[in-house]
Amino acid sequence: MPAGLIALALGGFGIGLTEFVITGLLPEIAADYGVTETTAGWLVTGYALAVIVGALGLTAATTRLPRKPVLVGLLVLFVIGNTLSAIAPEYGVMMLGRVIAALCHGAFFGIGSVVASNMVERSKRASAVALMFTGLTASNVLGVPFGTFLGQALGWRSTFWAIVVIGIIALVGVLVLVPAVDGPGSADCAPVEQPSLRRELTAFRSGQVWLSLGVTVLGYGGMFGAFTYIAYTLTSVSGFDASAVPWLLVVFGVGLFVGNFVGGKAASRSIDGTLLVVLSVLTVVLGAFALVATSPVLTVIALVLMGAFGFGTVPALQTRVMQYADHAPTLASGANIAAFNLGNALGAWIGGLTIAAGLGYTSPIWAGAGITLAAVVLTLVAARGARRARSVRGGAGTTGGIAAV
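Residues numbered from 1 in each chain as written. Predicted model: local features only at pLDDT ≥ 70, side-chain atom pairs only at ≥ 80, totals over all residues. Heavy atoms only, no water.

A.B. asks: Could you give me a rundown of the pattern of salt bridges, with the residues and numbers involved?
C.D. replies: Scanning all chains against the criterion turns up 2 salt bridges. The shortest N-O distance in the salt bridge between Asp 32 and Arg 157 comes to 3.8 Å. Of the two residues, Asp 32 is situated in helix H2 (residues 22–33) and Arg 157 in helix H8 (residues 156–177); the sequence distance between them amounts to 125 residues. On the basis of relative accessible area, Arg 157 is assigned to the partly exposed category, the value being 25%. Between Asp 272 and Arg 320 there is a salt bridge, with its nearest N and O atoms 2.6 Å apart. With Asp 272 in helix H13 (residues 271–292) and Arg 320 in helix H15 (residues 314–323), the pair connects residues that are 48 residues apart, well separated along the chain. Judged on exposure class, the residue Asp 272 and its partner Arg 320 are both buried. (Salt bridge = Lys/Arg side-chain N within 4 Å of Asp/Glu carboxyl O. Helix = DSSP H or I, 4+ residues; strand = E, 2+ residues; numbered from the N terminus. Buried < 20%, exposed > 50% of the residue type's maximum accessible area, 1.4 Å probe, protein only.)

Next up, the structure:
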């Protein structure tokens, strides 16, 4: 595999770390700025909303620009945003830094996956894209727990300085190791298709694309609504010491890794079937978690299951939208990344409302269960519509490949 893929994976690692590590540091950040838990949670919601803007706006605006310079510019934006977060003297500046860093998120993964696939032979495209997205998976499994540990040991700002260093290394790596592959491919590499914004927009004529995006918002939003305030649940309800939170996030990360892998295998056999089963089980897991959160042992088990079934949906969610936009998948894929983050924002917002209403630190988990149940219902609607459409076409269907986010 080309060395440039490692640089792209490192960029994905830093971006994933920026998005998720803050959940383990919310108590420290809230205390430092003197704000409520709900106000601190807006640092998660604001980031997610800015990802939506970047995933759609920046991807569309840079469609016809050379991809390597665009990636470099996105990483510069990433470094600036995290530097601002690290030095932020007040909450408003912190929020601004989060928004600036978030703008590069969706566009980096959307454009980076195209660049990764064009760096290798056609037969190795899927492996190249998977390697790039390994950075995002690693950020959840390893980066978030150890970033939380670093923030608790040396202050939460140290975590953002570490992210800045990761961003600079990734930036240099992209400059040095990633080739410019915007022209027609070489004999050994896959040919590069000339991008067209008009063609990409035609994907949104499909009702199934919109239904897929809706399932992504609700399916991911339920899990993330429960996860956003997990540090408060673990310390105030389950009785764990704050120093145990990073290690509990490692446990959660193991669940993410297993769920993403198994979910991908299952989705290769049946996308809608996988979504219905996994989302249904996730709804039950979240409800059970809220009931047993006072038990440390059962909480650990619930964390593993929440991570596994929460991320078990990701391959199917990403594949479904690409399946119904197979003629123009780039912007639709970026829109699904935006949908993941709209789900993040929705879950964090609703979870914050339940805490502000005085319902306690298990209330975001109950809210997450309700959102996930809505995802099950929408999946049933989407699956029924897809079966009806296949019946009209005489049973013909399409099959899409697996793509991890």
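A.B. asks: Which residues make up the packing of aromatic side chains, and what values go with them?
C.D. replies: The tally for this structure, following the rule as stated, stands at 14 aromatic pairs. With centroids separated by 4.5 Å and ring planes inclined at 10 degrees, the aromatic side chains of Phe 227 and Phe 252 adopt a geometry described as stacked. Within this pair, whereas Phe 227 is found in helix H10 (residues 207–228), its partner Phe 252 is found in helix H12 (residues 245–267), the two being separated by 25 residues in sequence. Residue Phe 227 is classed as buried on the basis of its relative accessible area of 4%. Using a relative accessible area of 3% as the deciding quantity, one classes Phe 252 as buried. (Phe/Tyr/Trp six-rings, centres within 6.5 Å; stacked < 30°, edge-to-face > 60°.)

Worth remembering: the numbers are spatial, not functional.
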